[in-house]
Amino acid sequence: MKIFVTLPDGELRDDFFPNEVRHRLESLGSVAWNPSTDDLSEDALRDRIDGVDVLVTGWGSPRVTADVLEAADDLRLIAHTGGSVGTLVSEAVYDAGIPVVSANDVMADHTAEHTLGSILAKLRAVPELEASMKAGEFGADDVDIRTLHGKDVGLVGLGTIGRKLLDHLAPFDVSASIYDPYVNAEALAEYPFATLTDLETALDSAVVSVHAARTDETIGMLDADRLAQIPDGALFVNTARAEIVEEAALVEELRSGRLSGVFDVYHQEPLPADHEFREFDNVLLTPHVGGSQIHSPLTETVIDDIERFQRDQPLEHEIPRRQWQTMTR
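Just so it is clear, the model here is predicted, and its values are computed rather than measured.

### Some points on the overall build of the chain
Counting its regular elements, the chain contains 13 helices and 12 strands. Its C-alpha atoms give the chain a radius of gyration of 22 Å, near enough to 20 Å, the size a compact globule of 329 residues would have. Taking all 329 residues of the chain together, 50% fall into the buried category. Long-range contacts, defined as pairs at least 24 residues apart, comprise 63% of the intrachain contacts of the chain with a sequence gap of at least 6. Summed over its atoms, the accessible surface of the chain is roughly 15200 Å², and 47% of this surface lies on carbon and sulfur atoms. Across the chain, the 26 positively charged side chains and the 60 negatively charged ones have centroids separated by 3 Å.

Structural data, given as structure tokens:
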């Protein structure tokens, strides 16, 4: 079996493929590595894909288009070490019957964990209390400490991360309102505390968390009018994609103090040093690390499926066409 890894030579590839993971992949067949320190272009991928059985991709990999597939007579599997394959593969890949697997499930685990941790940290005022302690104080009389237990939680979009977050929310006895036009009530059967609702109902919650994919349909979906529907004092959370929310409208809501926020994603990344978000005391900011900083488990997940493919066993992390169609682009 011939395997080609598109990730360029350098620190990022070393993070995804530490020695033990690299050796594990190389034990499965003949592995060719992108020798360049730059991402491949689509033409460069086409030139290198002849004879390749398994294509291993990562962030920055070129799209596998119909033109690429014309040179890929032997390609039988695409294994993506990231999450979304929305911009990685094309309709032509599915038309050709080539299975696509990714580390989406593992990234969802990490992102849901980060989301829950950030929500709890903000509600329990952990950053404020930590700053107070380091300033030599010992007390919390003037700090707004809240709880997640028993709260109404609204999820805008569900997807894999949203489902993982529901798993984490279950012990907190929350009532969850879910808005996702691509989900039916049966998908929530294992979550008796969750109800499929319209967007207005999901926004009318003490904690509103965004988990929609970034698509043409969702960009700018949460504008000033939608944000105004979130009740006073609520916590607004976005660990999905910044473009789903109109930034100017969000800044106005935060500046007013009506809402507090938890954010891991931004319209411009890195977040500019002079961005107004950095001045607000009512927000908790993290640098887009929810699902992306723990790399080797992502690679091991797709290697697991490469091994299953080699043994002609069912794939556990396959992305079907229907899921691909609604993934972040």
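### Brief notes about the domain arrangement of the chain
Entries for the chain in the domain assignment read domain 1 (2-104 + 293-325) and domain 2 (106-285). Computed from C-alpha atoms alone, the centre-to-centre distance between domain 1 and domain 2 is 32 Å. Opposite the 11 residues of domain 1 that make contact, domain 2 presents six residues. In total, domain 1 and domain 2 occlude about 630 Å² of area from one another, counting both sides; carbon and sulfur atoms represent 61% of this. For the domain 1 face of the interface with domain 2, the top three residues by lost area are Asn104, Ile294 and Leu298, together amounting to 52%. Seen at the junction of domain 1 and domain 2, the total is zero salt bridges. Put simply, domain 1 and domain 2 have six residue pairs in polar contact (both at pLDDT 80 or more) between them. When residues of the side of domain 1 that touches domain 2 are traced back to their parent elements, those giving at least two are α12 (296-310) and α13 (321-325). Looking at which element gives the most residues to the side of domain 1 that touches domain 2, the answer is α12, with three residues. Each residue belonging to the side of domain 1 that touches domain 2 can be placed in one class, and the counts come to five nonpolar, five polar and one charged.

### Focus: the UniProt feature "domain: D-isomer specific 2-hydroxyacid dehydrogenase NAD-binding" (unreviewed entry) in the chain
UniProt annotation of "domain: D-isomer specific 2-hydroxyacid dehydrogenase NAD-binding" (unreviewed entry) refers to residues 117-290 when read in the numbering used here. Helix makes up 26% of residues 117-290 and strand 16%, whereas the separation of the span's terminal C-alpha atoms amounts to 10 Å.

### Remarks on the pairing of strand β1 (residues 2-5)
With four bridges connecting them, β1 and strand β2 (residues 30-33) associate as parallel partners. Bridged to Val5 within β2 is Trp33. As paired elements, β1 and strand β3 (residues 54-57) share three bridges and run parallel to each other. If you follow Phe4 over to β3, its bridge partner there is Leu55.

### Observations concerning the sheet that holds strand β5 (residues 100-102)
In space, the five strands of this open sheet follow the order β2-β1-β3-β4-β5, with parallel pairing throughout. Strand pairing shows two members of the sheet lacking a second neighbour, β2 and β5, which therefore form its edges. Between one strand axis and the next, the sheet turns through 20° on average, direction left out of account. Helix-sheet contacts for helix α2 (residues 19-26) involve β1 and β2, and the interaxial angle to β2 is about 130°. Docked against the sheet, α12 engages β3, β4 (77-80) and β5, running at close to 160° with respect to β4.

### Examining the sheet that holds strand β11 (residues 260-263)
The parallel open sheet is built from seven strands, whose spatial order is β8-β7-β6-β9-β10-β11-β12. One side of each edge strand has no neighbouring strand; the edge strands of this open sheet are β8 (194-196) and β12 (283-285). Between one strand axis and the next, the sheet turns by 15° as a mean value, whatever way the strands run. Strand direction decides the pairing type here: strand β7 (residues 175-179) and β8, joined by three bridges, are parallel. The residue bridging Ala176 from the neighbouring strand is Ala194, located in β8. Along the sheet face, helix α11 (residues 247-256) touches β10 (235-238), β11 and β12 and points at about 130° away from the line of β11.

### Notes on the packing of helix α6 (residues 104-123) against helix α8 (residues 159-169)
Each pair of packed helices can be described by the angle between their axes along with the distance between the axes. At a minimum axis distance of 8 Å, the contact between α6 and α8 shows a crossing angle of 50°. The angle between α6 and α8 falls in the class oblique. As for the relative orientation of α6 and α8, their crossing is right-handed in sense. Contacts between α6 and α8 involve Asn104, Asp105, Ala108, Asp109, Thr111, Ala112, Glu113, Thr115 and Leu116 from the former and Thr160, Ile161, Lys164, Leu165, His168 and Leu169 from the latter.

### Points about the packing of aromatic side chains
Enumeration over the complete set of coordinates arrives at seven aromatic pairs. Aromatic pair Tyr94 and Trp324: ring centres 5.3 Å apart, planes at 35°, arrangement tilted. Of this pair, Tyr94 sits in helix α5 (residues 91-95) while Trp324 sits in helix α13, placing them 230 residues apart in sequence. One aromatic cluster is present, built from ring pairs that chain together Phe236, Phe263, Tyr266 and Phe277. The lysine or arginine in question, Arg22, covers the ring of Trp33, its NZ or CZ lying 4.2 Å from the ring centre. Residue placement shows Arg329 over the ring face of Trp324; its charged tip is 4.9 Å from the ring centre.

Definitions and cut-offs
- Residues numbered from 1 in each chain as written.
- Predicted model: local features only at pLDDT ≥ 70, side-chain atom pairs only at ≥ 80, totals over all residues.
- Heavy atoms only, no water.
- Helix = DSSP H or I, 4+ residues; strand = E, 2+ residues; numbered from the N terminus.
- Rg over C-alpha atoms; globule rule 2.2 N^0.38 Å.
- Buried < 20%, exposed > 50% of the residue type's maximum accessible area, 1.4 Å probe, protein only.
- Contact = heavy atoms within 4.5 Å.
- Areas by Shrake-Rupley, 256 points an atom, 1.4 Å probe, with all protein chains shown as cover.
- Lys, Arg positive; Asp, Glu negative; His and termini not counted.
- Charge placed at Lys NZ, Arg CZ, Asp CG, Glu CD.
- Domains from an automatic or database assignment.
- Buried area = accessible area lost by both parts, 1.4 Å probe.
- Salt bridge = Lys/Arg side-chain N within 4 Å of Asp/Glu carboxyl O.
- Polar contact = N/O pair within 3.5 Å; in protein donor to acceptor, adjacent residues only side chain to side chain.
- Nonpolar A, V, L, I, M, F, W, Y, C, P; charged D, E, K, R; others polar.
- UniProt positions renumbered as here; feature names shortened; annotations may be inferred.
- Pairing = 2+ DSSP bridges.
- Axes fitted to C-alpha atoms, helices over the stretch in contact; angles between N-to-C directions.
- Parallel < 35°, antiparallel > 145°, perpendicular 65-115°, else oblique.
- Left-handed = near helix turned anticlockwise from the far one by under 90°.
- Phe/Tyr/Trp six-rings, centres within 6.5 Å; stacked < 30°, edge-to-face > 60°.
- Lys NZ or Arg CZ within 6 Å of the ring centre and 35° of its normal.

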